[in-house]
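A structural walkthrough
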Amino acid sequence: QKEVEQNSGPLSVPEGAIASLNCTYSDRGSQSFFWYRQYSGKSPELIMFIYSNGDKEDGRFTAQLNKASQYVSLLIRDSQPSDSATYLCAVNRGREAGTASKLTFGTGTRLQVTL
Amino acid sequence: DGGITQSPKYLFRKEGQNVTLSCEQNLNHDAMYWYRQDPGQGLRLIYYSQIVNDFQKGDIAEGYSVSREKKESFPLTVTSAQKNPTAFYLCASSWTSGSYNEQFFGPGTRLTVL
């Protein structure tokens with residue numbers, strides 16, 4: 001079992017729809033979770049992070065975390081063609097405060113927003 | 001303008017040569033990281049450093065070396081011992097004093113071995 005799993009896609013949604021991106025992780029002790037967006041040929045860009053069960057909203061983006069199910073998701077409302085990219089889920093396996101974060105990344109889900 | 005810079009953007013190397021990739025940050029972050037990304041794959045951690053003059057191996061350190069002589073700089077050397085070095089190399093940095101220490105990435109260096 002991979003440590004962080006994502007469906008590779010492509011996930012195709014029409015413009016204006018809600019895109020739902022999912023991620024599962026295997027380490028039950030993981031504390032914080034990150035979503036990055038990566039355009040083709042570019043470096044990852046941090047969109048959101050979440051650490052408590054429930055929802056966290058930032059503009060059109062909502063991150064959802066369910067630690068009991070070891071599941072993280074990212075919802076993108078009112079999807080735009082500019083949202084077309086690969087979305088990477090990352091899980092922090094670091095435990096100690098005051099230390100570097102140790103991220104394990106999924107392979108990413110490619111999102112296509114169609115006109 | 002705060003950020004992370006990597007150079008060069010593209011690098012071509014002949015087999016058997018060592019090459020050094022540059023990473024500089026002016027965010028005053030304590031920690032710096034090197035990842036590689038292969039097509040269709042996630043990022044894999046090569047090395048990381050939490051403080052000057054200290055660094056730790058990541059998941060795929062074989063064939064790579066690093067140094068951290070200054071807080072703002074963390075160069076990566078890809079040695080001839082690295083069997084499959086063609087990849088997209090990403091440098092990142094973060095705080096260590098926060099609760100979540102989110103990582104921010106530089107623009108990357110694309111290395112091709114000819």
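The structure we're discussing is the one just above.
Here is what the cut-offs are and how they apply
Residues numbered from 1 in each chain as written. Chains lettered and ligands numbered in written order. Predicted model: local features only at pLDDT ≥ 70, side-chain atom pairs only at ≥ 80, totals over all residues. Heavy atoms only, no water. Disulfide = S-S within 2.5 Å. Helix = DSSP H or I, 4+ residues; strand = E, 2+ residues; numbered from the N terminus. Buried < 20%, exposed > 50% of the residue type's maximum accessible area, 1.4 Å probe, protein only. Pairing = 2+ DSSP bridges.

The next point concerns the state of the cysteines. Any covalent bond linking the sulfur atoms of two cysteines counts as a disulfide. Tallied over the full model, the rule gives two disulfides over all chains. What pairs with Cys 23 of chain A in a disulfide is Cys 89 of chain A, and their sulfur atoms sit 2.1 Å apart. Measuring handedness by torsion sign, the sulfur bridge of Cys 23 of chain A and Cys 89 of chain A sits at about -70° and is left-handed. Within this pair, whereas Cys 23 of chain A is found in strand β3 (residues 19-25), its partner Cys 89 of chain A is found in strand β9 (residues 85-92), the two being separated by 66 residues in sequence. Among the residues examined, Cys 89 of chain A registers a relative accessible area of 0% and is labelled buried. Shown here is the disulfide that connects Cys 23 of chain B with Cys 91 of chain B, its sulfur atoms set 1.9 Å apart. What sets the handedness of the Cys 23 of chain B and Cys 91 of chain B disulfide is the S-S torsion sign, and at about -70° it is left-handed. Taken together, the residues span a long stretch of sequence, with Cys 23 of chain B in strand β3 (residues 19-25) and Cys 91 of chain B in strand β9 (residues 87-94) at a distance of 68 residues. Both residues of the pair, Cys 23 of chain B and Cys 91 of chain B, count as buried.

Right, let's talk about the sheet that holds strand β7 (residues 61-66) of chain A for a bit. Residues and elements named next belong to chain A. Reading across the sheet, the five strands line up as β1-β3-β8-β7-β6 and stay open at both edges, with antiparallel pairing between neighbours. In the strand order of this sheet, the two ends are held by β1 (4-5) and β6 (54-58), each with one partner. In the sheet, β3 pairs with strand β8 (residues 71-76) via six bridges, with the strands oriented antiparallel. By the bridge assignment for β8, Ala 19 is matched with Ile 76.

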